[in-house]
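Chain residues, written in single-letter form:
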Amino acid sequence: LIGDKIIDAFLEIAESAGKILTSDAQGNILIEFEAKNISDKILQFGTNIVKRKFINDTTQLYDKYTTVSQSNYLVKQQQDVFVKGEYGSGKFTKVKVVKNCLTTQECENVSQIDYKKDIRKTFKYIATINNIQLETNTQYFIKDAQLNINEQMNCKTIQHIKKEDTKETIAIFEKVLK
């Protein structure tokens, strides 16, 4: 880590742990974890979801993810040898070069994690909900027949709005990494 920028070091550490670093409006660093809590509440459009907005932007999604690493010289006894692992197939490829010495299987795992992170970033379900208490970083089962959504989703953010006679909660949900 000597000589690296501090943010690059944070990004590398977070990436190796499968976490995502983001920042809020004030510039604070936030670490996003996969939700461990699973609620038994079912949120359904038309029942307790009164309004929703759906974003599925796949413009930043690639067909194939490739991770390239240096080989371990002590194992191969060769110089200038690289190891790579791929996930997916197709013409549009995202290539990532890592500093660590990884095996082919580890490179494939990193490529798969990158794919899942990109999938999660492309998808947002923003719901306005009445009379249900929600918690962030908790998985809820979302049903929306019109959008063909019938799955567990992670509650990323919550905003409470109090109007004259009603309380509304606006929640942003994202896909769960599997």
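The text that follows walks through the structure, step by step, so that each part is easy to find. This structure is a prediction, so every number in the text was calculated from the model and none was measured.

### What about the overall build of the protein?
For the protein, the count of helices and strands is three helices and eleven strands. Along the protein, from the amino end to the carboxyl end, the secondary structure elements read α-β-β-β-β-β-α-β-β-α-β-β-β-β. Here the protein holds 178 residues, and 30% of them are scored as buried. Of all intrachain contacts in the protein linking residues separated by at least 6 positions in sequence, the fraction that spans at least 24 positions is 62%. Here the protein has roughly 11900 Å² of accessible surface; of this, 51% comes from carbon and sulfur atoms.

### Quick notes on the sheet that holds strand 4 (residues 49-56)
The strand order across the open sheet formed by six strands is 3-9-10-11-8-4, and the pairing between neighbours is mixed. Only two strands of the sheet have a single neighbouring strand rather than two, namely strand 3 (37-44) and strand 4. Strand after strand, the sheet turns through a mean of 35° between neighbouring axes, direction not considered. Alignment of strand 4 against strand 8 (residues 123-130), held across seven bridges, turns out to be antiparallel. Paired with Lys53 across the bridge in strand 8 is Ile126. Running over the sheet, helix 3 (residues 104-122) touches strand 4, strand 8 and strand 11 (167-175) and is turned about 45° from strand 8.

### Quick word on the nonpolar core
Counting residues in each nonpolar core, the largest one holds 15 residues, and the members touching the most others are Leu43, Tyr125, Ile129, Leu134, Ile142 and Phe173. Listed by contribution, the elements that provide at least two residues to this core are strand 8, strand 9 (138-144), strand 10 (149-162) and strand 11. Among the elements that take part in this core, strand 8 stands out by supplying four residues, more than any other. Residues contacting Ile142, with those up to four places away along its chain left out, are Leu43, Ile49, Tyr125, Ile149, Asn150, Glu151, Met153 and Phe173.

### Points about the pairing of strand 5 (residues 64-70)
Counting buried positions over the seven residues of strand 5 gives six, a clear majority of the element. Where strand 5 and strand 6 (residues 82-88) come together, seven bridges link them in antiparallel fashion. When the bridges of strand 6 are listed, Gln70 appears paired with Phe82. Across six bridges, the pairing between strand 5 and strand 7 (residues 93-101) is parallel. Bridge pairing links Lys64 to Thr93 in strand 7.

### Considerations on the sheet that holds strand 6
Whether parallel or antiparallel, the strands of a sheet pair through hydrogen bonds between backbone atoms. Spatial ordering of the open sheet is given by 6-5-7, a layout of three strands whose pairing is mixed. Whereas interior strands pair on both sides, the edge strands pair on one side only; in this sheet they are strand 6 and strand 7. Shown here is a sheet whose adjacent strand axes are inclined to one another by a mean of 20°, direction ignored. The sheet contacts of helix 3 involve strand 5, strand 6 and strand 7, and relative to strand 6 the element is tilted by about 40°.

### Points about the packing of aromatic side chains
For the structure shown, the criterion picks out five aromatic pairs. Ring geometry for Tyr62 versus Tyr65: centroids 5.9 Å apart, planes at 85°, classification edge-to-face. On the basis of relative accessibility, which here comes to 1%, the residue Tyr65 falls in the buried class. Judged by centre distance (6.2 Å) and plane angle (85°), the rings of Tyr140 and Phe173 are edge-to-face. Remark: Phe173 occurs in strand 11 and Tyr140 occurs in strand 9; sequence separation between them is 33 residues. There is no split in this pair, since Tyr140 and Phe173 are both buried.

About the criteria used
- Residue numbers run consecutively from 1 along every chain, following the written order of its sequence.
- Local features in a predicted model are, by the rule used here, given only for residues with pLDDT of at least 70; side-chain atom pairs are given and counted only at 80 or more, and totals for whole chains, interfaces and linings are based on all residues.
- As a rule here, side-chain values cover all heavy atoms of the structure and leave hydrogens and water aside.
- Each helix is a run of DSSP H or I of at least 4 residues and each strand a run of E of at least 2, with the numbering of both proceeding from the N terminus.
- Classification of residues uses two cut-offs on accessible area relative to the type maximum, computed with a 1.4 Å probe and protein chains only: under 20% is buried, over 50% is exposed, and between them is partly exposed.
- Whether two residues touch is decided by their heavy atoms; if any such pair falls within 4.5 Å, the residues are in contact.
- What sets the accessible areas is the Shrake-Rupley method with a 1.4 Å probe; for residues, cover comes only from the shown protein chains.
- In this scheme, strands are said to pair when DSSP sees at least two bridges between them.
- Here, axes are lines fitted to C-alpha atoms. For helices the fit covers the stretch in contact, and angles between N-to-C directions go from 0 to 180 degrees.
- The nonpolar core is taken to be a set of buried Ala, Val, Leu, Ile, Met, Phe, Trp, Tyr and Cys residues, with the residues joined through side-chain atoms within 4.5 Å.
- Aromatic contacts are taken between Phe, Tyr and Trp rings whose centres are within 6.5 Å, Trp giving its six-membered ring; a plane angle under 30 degrees counts as stacked, one over 60 as edge-to-face, and the others as tilted.

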